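One letter stands for each residue in the lines below.
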Amino acid sequence: MSLGTFHEISGAKPGETVRRWLPVNEDYFGFPQKVPYIHIRGVEKGTKGVIFAAVHGDELNGTRMIFELAEILDPQKLRGELLLLPITNVPAFFFQSRYLPDRRDLNRLFPGDDEGSEGSRLASRLWHSFLEGADFGLDLHSASYNRWNFPHIRGNMRSERVRFIARAFSAPIIIHSQGVAGSLRREATKRNIPVILFEAGQANRFEGDVGQIGLMGILRVLKRLEMIDNGTIPDEPDRVTYFKRSSWLRAQKGGLFLPQAQPGDRVKAGEILGEIRSVLGEKLCDIVVEREGRILGFNLHPQVIPGRALYHLCYDEAEL
Ligand SMILES: [Zn+2]
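Draft legend 1. Geometry of the coordination of the zinc ion. Looking at the zinc ion, the protein donor atoms are His56 (ND1), Glu59 (OE), Glu59 (OE) and His141 (ND1), and they sit 2.0 to 2.6 Å from it. Each of the four donor atoms bound to the zinc ion contributes to angles spanning 54 to 146 degrees, and the resulting shape is irregular. Along the chain, the residues donating to the zinc ion are arranged with the sequence spacing H-x2-E-x81-H. Here Glu59 is found in the loop between strand S3 (44-53) and helix H1 (61-72), whereas its partner His141 is found in strand S5 (residues 136-141), with 82 residues between them in sequence. With a relative accessible area of 2%, His141 lands in the buried category.

Draft legend 2. Just helix H6 (residues 208-224), in detail. Between its first and last C-alpha atoms H6 spans 24 Å; for 17 residues at 1.5 Å apiece the expected length is 24 Å, and the two agree. Following H6 by one or two positions, Glu226 adopts a phi angle in the positive range, close to 60 degrees.

Draft legend 3. Highlighting the pairing of strand S4 (residues 79-85). Across the seven residues of S4, six count as buried, placing the element largely inside the fold. Here four bridges tie strand S2 (residues 32-41) to S4, and the two strands are oriented antiparallel to one another. When the bridges of S4 are listed, Arg41 appears paired with Glu81. Relative to S4, S3 runs parallel, the two sharing six bridges. Within S4, the residue paired with Phe52 across the bridge is Leu85.

The rules behind the values
Residues numbered from 1 in each chain as written. Predicted model: local features only at pLDDT ≥ 70, side-chain atom pairs only at ≥ 80, totals over all residues. Heavy atoms only, no water. Donors = N, O, S within 2.8 Å, 3.2 Å for Na, K, Ca; no water. Tetrahedral: all angles 85-135°; square planar, octahedral: opposite > 155°, others 65-115°. Helix = DSSP H or I, 4+ residues; strand = E, 2+ residues; numbered from the N terminus. Buried < 20%, exposed > 50% of the residue type's maximum accessible area, 1.4 Å probe, protein only. Expected span 1.5 Å × (residues − 1). Pairing = 2+ DSSP bridges.

Without other data, these values stay purely geometric and don't point to any function.
Here you go:
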């Protein structure tokens, strides 16, 4: 399953791991702005993969997964090669922000434009230097500010190659979601490079437990693609399911949100997931789920107004 070569980067020799920086733009001082990457190149030729973390600059759980992955993988034993980007969105990371300094979302700008906005130029550089020529990609995210996500995979499950990788990863929950226009997973999959997104935990934190789930998923993908042999990594389960739909349950009242259910929980139609109270402590309403499903993530901040997203739910489970 080899499509081409990685472009424009100074990479490792066979059997080597290197840590390097790729200039992508300039900062306010006119100094080069650089993206760090780790290139692990096996002795044997084979599949080429790329793993992005912190495409949103404050979502750091994936960064730590990459650190651990780079320590585990022995380039002498790897088949094929891997490019790991621990901090993809360097300008946003610098400001401890999800967004680029011009308030744009890098994950709406792929495949980018060399003559476009600052984010569009960054997207184009990342695309051509790291993604083009890859056989598959993983995009590691955490929930946005004040939310927490149960570890799950998002991807276009209508693509057989995406399903293959998602099945191998076998995160606790898998959902069909092709992503919005300009997102890395949507644009790459459209151009025949299967990319799945792994969501876990919250922004601005290193969370060891969800990180381990992600790391195990990544290793299972590498094993399934025959890039590594490791008997200690369990295979994916025989039966893997996914959810066809997902949507947010939103607040209908202004007040304070008291959750009673947790991400990962299975829920039934009519179940009460929490309540909203007034600032004087009176109960205003229950939060009731209308359909059977599972909770993907929830809002951590008590203060809510009508329309505020409370619980992210997925529905319609099917065999993957
Ligand atoms: Zn994100």
